[in-house]
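# Tertiary structure, described
Given next are the chains, with one letter for each unit.
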Amino acid sequence: MALLPEFQESAAAIAALRRDIHAHPELCFEEVRTSDLVAAKLAQWGIEIHRGLGRTGVVGTLHGRDGGQSSRAIGLRADMDALPMQEFNTFAHASRHAGKMHACGHDGHTAMLLAAAQYLAAHRETFEGTVHVIFQPAEEGGGGAREMVKDGLFTQFPMQAVFGMHNWPGMKAGTMAVGAGPAMASSNEFRIVVRGKGGHAAMPHMVTDPVPVAAQLILALQTIVSRNVKPIEAGVISVTMVHAGEATNVVPDSVELQGTVRTFSLEVLDLIEQRMRQVSESICAAHGAQCGFEFVRNYPPTINSAPEAAFAQQVMREILGDEGVVPQEPSMGAEDFAFMLLEKPGAYCFIANGDGDHRALGHGGGPCTLHNPSYDFNDALIPLGATFWVRLAQRWLSCSP
Ligand SMILES: [Zn+2]
Ligand SMILES: [Zn+2]
């Protein structure tokens, strides 16, 4: 593994920084302490900082040996927010804030990008053009990337491409992955209200019972992916909440259904939304019920552009050799880096977090998987992740993809 030796030396300091962030988790758009810490470190290393994009976002700008004369620029992005959940770990760096936890490793993402920024600031002779290090808030449902884009991320900081990286538990430690096309799915929510006419459960002829209508509807929704979506395309419709009634002898007025839809393309998403609306309204109409249909698109699919994905993969090979670069199936999880990839070419990369053996004594005893209360970021990744960011920037700024 061709790691930059500087990161072996700074690994302990960066790991301490990561653990400090882990111990002080902050939720969507509340990353005040974390962004202060990021900004202070960048400033300490002589990096120009810009704050306030997406409220708590931070951008650090590094010009290379040409002082930024070249218009060539790259964006490297990390996320800073934690999750609203209780940590089970009791080791020294466990969360000090009840009900908040870095269970997705964004503490590690922030630390790896900081390490890379520190190196690049000290070695400006190794690149020409500009590196923007982007620390975004609110990845976990808040659309922090979208907010940074709205606040002018790509107009204030022009760049040709932007890259993101996520740790991936279960992948063998010391490996990385990236592929062209979909990396993560679009994430969407729906709420359907079937409105009938309630009444006495012993007199069904006097009511419009929404319960059997909702039952038909739940099953009919499952035919959309199996019968309308092209078999080689992917889609998920999950009805996850069903709310109706409070008494055994009362037919309720309405039934509420909620759930999630995931797809890898906007075309499939358009089709699913349109068919869900048709099926819901038609089934309700067939039974004399009213239909309320709401569909909210949260995150678009995360789609890597082919040249940038190939470029990132080449950099991984340079560091890890062929055997260290593994294939990665797209995930039906979602990621708001998608909003940046709607604006700029780029790729979302994965770095293995290993199987959980790295965790210090006092971990919660559960699996080391994302969003699990026993999760912890693997500090051994820091030299690899930071080397990858540095090499990616250096290579990007010295040749065309
Ligand atoms: Zn997450
Ligand atoms: Zn995450």
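### Quick notes on the layout of surface pockets
- Size it by volume and the largest pocket reaches roughly 380 Å³.
- Taken together, 19 residues make up the lining of the largest pocket; nearest its centre are E140, S187, R262, Y299 and A334.
- Counting only elements with at least two residues in the lining of the largest pocket, the list comes to strand 5 (161-169), strand 8 (186-195), strand 12 (254-263) and strand 13 (290-299).
- Looking at the lining of the largest pocket, the element that brings in the most residues is strand 8, giving 3 residues.
- Its residues placed into classes, the lining of the largest pocket shows 6 nonpolar, 7 polar and 6 charged.
- Each of domain 1 (5-184 + 302-398) and domain 2 (187-299) accounts for three or more of the residues forming the lining of the largest pocket.

### Side note on unusual backbone geometry
- A positive phi angle is found at F29, which is not glycine, with a value near 65°.
- Note on placement: F29 falls in the loop between helix 1 (5-23) and helix 2 (32-44).
- Overall, F29 belongs to the buried group, its relative accessible area being 16%.
- Notably, R55 is not glycine yet its phi reads approximately 65°, a positive angle.
- Inspection of the secondary structure assignment puts R55 in the loop between strand 1 (48-51) and strand 2 (58-63).

### Quick notes on the nonpolar core
- Among the nonpolar cores identified, the biggest contains 67 residues, and L42, V131, F135, F388 and L392 are the most heavily contacted of them.
- If one sorts the elements of this core by residue count, helix 3 (residues 106-122) sits on top with 10 residues.
- If we skip the residues at most four places from it in the chain, F388 touches M165, M176, A312, V315, M316, I319 and C349.

### Details of the coordination of the zinc ion (ligand 2)
- Looking at the zinc ion (ligand 2), the protein donor atoms are C104 (SG), H106 (NE2) and H166 (NE2), and they sit 2.1 to 2.3 Å from it.
- Positions of the donor residues of the zinc ion (ligand 2) along the chain correspond to the pattern C-x1-H-x59-H.
- Between the two metal centres, the zinc ion (ligand 2) and the zinc ion (ligand 1), the spacing is 3.2 Å, with C104 acting as a shared donor. Taken together, the residues C104 in the loop between strand 3 (73-79) and helix 3 and H166 in strand 5 connect sequence positions 62 residues apart. An identical accessibility class is assigned to C104 and H166; each is buried.

### Notes on the sheet that holds strand 10 (residues 235-244)
- Ordered in space as 10-12-8-13, the 4 strands form an open sheet in which the pairing is antiparallel. At either margin of the open sheet sits one strand with a lone partner, and together these are strand 10 and strand 13. The sheet shows a mean angle of 15° between the axes of neighbouring strands, direction not considered.
- In terms of strand pairing, strand 8 meets strand 13 through 9 bridges, oriented antiparallel. Within the sheet, the bridge partner assigned to V194 lies in strand 13 and is C291.
- Packed on one face of the sheet, helix 6 (residues 210-228) meets strand 8, strand 10 and strand 12 and runs near 170° to strand 10.
- Of the strands in this sheet, strand 8, strand 10, strand 12 and strand 13 are in contact with helix 7 (residues 266-286), which crosses strand 13 at around 165°.

### Quick notes on the domain arrangement of the protein chain
- Considered domain by domain, the protein chain is made up of domain 1 (5-184 + 302-398) and domain 2 (187-299).
- Computed over C-alpha atoms only, the centres of domain 1 and domain 2 are separated by 39 Å.
- Domain 1 puts 18 residues into the contact, and the matching count from domain 2 is 8 residues.
- Summing both partners gives a buried area of about 870 Å² for domain 1 against domain 2, and 73% of it is carried by carbon and sulfur.
- The interface formed by domain 1 and domain 2 includes 0 salt bridges.
- Linking domain 1 with domain 2 are 5 residue pairs in polar contact (both at pLDDT 80 or more).
- When its residues are assigned to classes, the side of domain 1 that touches domain 2 shows 8 nonpolar, 5 polar and 5 charged.

Procedures and definitions
Starting afresh in each chain, residues are numbered from 1 along the sequence in its written order. By the order in which they are written, chains take letters starting at A while ligands take numbers starting at 1. Side-chain atom pairs in this predicted model are given and counted only at pLDDT of 80 or more, local residue features only at pLDDT of at least 70, and totals for whole chains, interfaces and linings cover all residues. Computation of side-chain values: all heavy atoms of the structure, hydrogens and water removed. Definitions used for this entry: grid spacing 1 Å over protein atoms alone; cavity, a set of points where a 1.4 Å probe fits but cannot get out; pocket, an open set with protein on both sides within 12 Å along at least 5 of 7 lines; lining residue, one with an atom within 4 Å of a point. Grid points are joined across faces, edges and corners, and a volume is the space filled by probe spheres set on the points. The helix and strand labels rest on DSSP assignments: H or I over at least four residues marks a helix, E over at least two residues marks a strand, and numbering proceeds from the N terminus. Under the scheme applied here, ten amino acids are nonpolar (Ala, Val, Leu, Ile, Met, Phe, Trp, Tyr, Cys and Pro), four are charged (Asp, Glu, Lys and Arg), and all others, including Gly, are polar. Boundaries between domains were set according to an automatic or database domain assignment. Only protein chains enter the accessibility calculation, which uses a 1.4 Å probe. A residue is then buried if its area is under 20% of the maximum for its type, exposed if over 50%, and partly exposed in between. For this analysis, a nonpolar core means a set of buried residues of the types Ala, Val, Leu, Ile, Met, Phe, Trp, Tyr and Cys, connected via side-chain atoms within 4.5 Å. By definition, residues are in contact when any of their heavy atoms lie within 4.5 Å. The donor set comprises N, O and S atoms within 2.8 Å of the metal, extended to 3.2 Å for Na, K and Ca; water molecules are omitted, so apparent gaps in a site may simply reflect that omission. Any two strands between which DSSP finds at least two bridges are classified as paired. Only the stretch in contact is used when a helix axis is fitted, and all axes are lines through C-alpha atoms; the angle between N-to-C directions ranges over 0 to 180 degrees. Two parts placed together each lose some accessible area under a 1.4 Å probe, and the buried area is that loss summed for both. The term salt bridge refers to a pairing of a side-chain nitrogen on Lys or Arg with a carboxyl oxygen on Asp or Glu at a separation within 4 Å. Under the rule applied, a polar contact is a pair of N or O atoms within 3.5 Å (in protein, one hydrogen donor and one hydrogen acceptor; residues adjacent in sequence only if both atoms are side-chain atoms).

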